Amino acid sequence: RAPNTLVALARLAEGEGDVSAARQWYKLGVASGNFRDCGPALTAWAILEAKQGNEGVSRDLFQKSLKGAKSRFAWLSLGTWELRWGNVDQGREVLREACELFPADAAIAQGYANAFTKSSESCEADMDHARDLFERAVEVDDKHQHAYHNWAMGEWLLAKDVDRARELFQQGIWSGPTSAQ
């Protein structure tokens, strides 16, 4: 059995709300291939567990998926979930490491930048640092609309610079695939 087929069955079960069946399909998907091919199955399973509120199980699955050959999405997902769970320091660290591993990945670059628009009890938001990182993200891919959007939101909500936010929103629109600028 191909792991991707089993993951597809798990996603279908998940879509139907059958979490137990989805877990069984994910387990089969992980067991059916060599470990380097299981990254997508582990990542999808980790996301299911995160959505179910099983932070520890989810983190363990993400950690296993980071060892896979094509793990860029696992790094981005784990960093994003750490931020959602309120572990801002941990999320920043995961995304920093991901940026080092995948320096030409615009999604990871903007995720790392976005991490500095977040704060927690142990760390403050840092819009100056976020701004530098967003600049790098759009250097990696000047058509990455999410980078412009998140940068604009940071300028608006943290820096209180409505004019700069408006300018970045406009740049994001112009960078889109259907805009001829």
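Everything below is about the structure shown above.
The model shown is predicted, which means the values in this text are computed figures rather than measured ones.

Each value, and the rule that gives it
Residues numbered from 1 in each chain as written. Predicted model: local features only at pLDDT ≥ 70, side-chain atom pairs only at ≥ 80, totals over all residues. Heavy atoms only, no water. Helix = DSSP H or I, 4+ residues; strand = E, 2+ residues; numbered from the N terminus. Expected span 1.5 Å × (residues − 1). Buried < 20%, exposed > 50% of the residue type's maximum accessible area, 1.4 Å probe, protein only. Contact = heavy atoms within 4.5 Å. Patch = residues over 30% accessible without salt bridge, like charges linked within 9 Å, V, L, I, M, F, W, Y side chains within 5 Å. Areas by Shrake-Rupley, 256 points an atom, 1.4 Å probe, with all protein chains shown as cover. Salt bridge = Lys/Arg side-chain N within 4 Å of Asp/Glu carboxyl O. Axes fitted to C-alpha atoms, helices over the stretch in contact; angles between N-to-C directions. Parallel < 35°, antiparallel > 145°, perpendicular 65-115°, else oblique. Left-handed = near helix turned anticlockwise from the far one by under 90°. Nonpolar A, V, L, I, M, F, W, Y, C, P; charged D, E, K, R; others polar.

Visitor: Describe helix H3 (residues 39-51), listing the residues and the values that go with them.
Guide: The terminal C-alpha atoms of H3 lie 18 Å apart, and with 13 residues this matches the ideal 18 Å at 1.5 Å per residue to within 8%. For H3, the tally of buried residues reaches 11 of 13 residues, placing the bulk of the element in the interior. Of all the residues in H3, the buried ones are Gly 39, Ala 41, Leu 42, Thr 43, Ala 44, Trp 45, Ala 46, Ile 47, Leu 48, Glu 49 and Ala 50. Turning to H3, the residues buried within the fold contact helix H1 (3-15), helix H2 (19-31), helix H4 (55-65) and helix H5 (72-84).

Visitor: Tell me about a nonpolar patch on the surface, and please be specific about residues and values.
Guide: A grouping of Trp 156, Leu 157, Leu 158 and Val 162 is seen on the molecular surface, where their side chains present a nonpolar patch of about 360 Å² in accessible area. Mapped onto the elements, Trp 156 comes out in helix H9 (residues 145-157).

Visitor: Now, about the packing of H5 against helix H6 (residues 88-101): what can you tell me, with residues and values included?
Guide: At a closest axis distance of 7 Å, the pairing of H5 and H6 adopts a crossing angle of 160 degrees. Compared by their axis directions, H5 and H6 come out roughly antiparallel. By crossing handedness, the relation of H5 to H6 is classed as left-handed. Taking contact as the criterion, the partners of Trp 75, Leu 76, Leu 78, Gly 79, Glu 82 and Leu 83 in H5 are, on H6, Val 88, Gln 90, Gly 91, Val 94, Leu 95, Glu 97, Ala 98 and Leu 101. Here the residues of the contact of H5 with H6 are counted per class, giving 9 nonpolar, 3 polar and 2 charged.

Visitor: I'd like a description of the environment of Asp 142, backed by residues and values.
Guide: Note on placement: Asp 142 falls in the loop between helix H8 (127-140) and H9. The spatial distance from the C-alpha of Asp 142 to the C-alpha of Ser 175 is 6.9 Å, given a sequence separation of 33 residues.

Visitor: Which residues make up the pattern of salt bridges, and what values do they have?
Guide: With the rule as written, the count across this model stands at 11 salt bridges. The partner of Arg 23 in a salt bridge is Glu 49, with the nearest N and O atoms 2.6 Å apart. Remark: Glu 49 occurs in helix H3 and Arg 23 occurs in helix H2; sequence separation between them is 26 residues. Arg 166 is paired through a salt bridge with Asp 163; the nearest N and O atoms lie 3.1 Å apart. Residue Arg 166 and its partner Asp 163 are both found in helix H10 (residues 162-175); the two are separated by 3 residues, about one turn of the helix. Since its relative accessible area comes to 52%, Arg 166 is described here as exposed. Because the salt bridges share partners, they merge into one network encompassing Glu 55, Arg 59 and Glu 82.

Visitor: For unusual backbone geometry, give the residues involved together with the corresponding values.
Guide: Unusually for a residue other than glycine, Lys 160 sits at a positive phi of about 60 degrees. With respect to the helices, strands and loops of the structure, Lys 160 is situated in the loop between H9 and H10.

Visitor: Give me the side chain of Asn 114: which residues, what numbers.
Guide: One can find Asn 114 in helix H7 (residues 106-115). Dropping the residues within four chain positions of it, Asn 114 is found in contact with Phe 134 and Asn 150.

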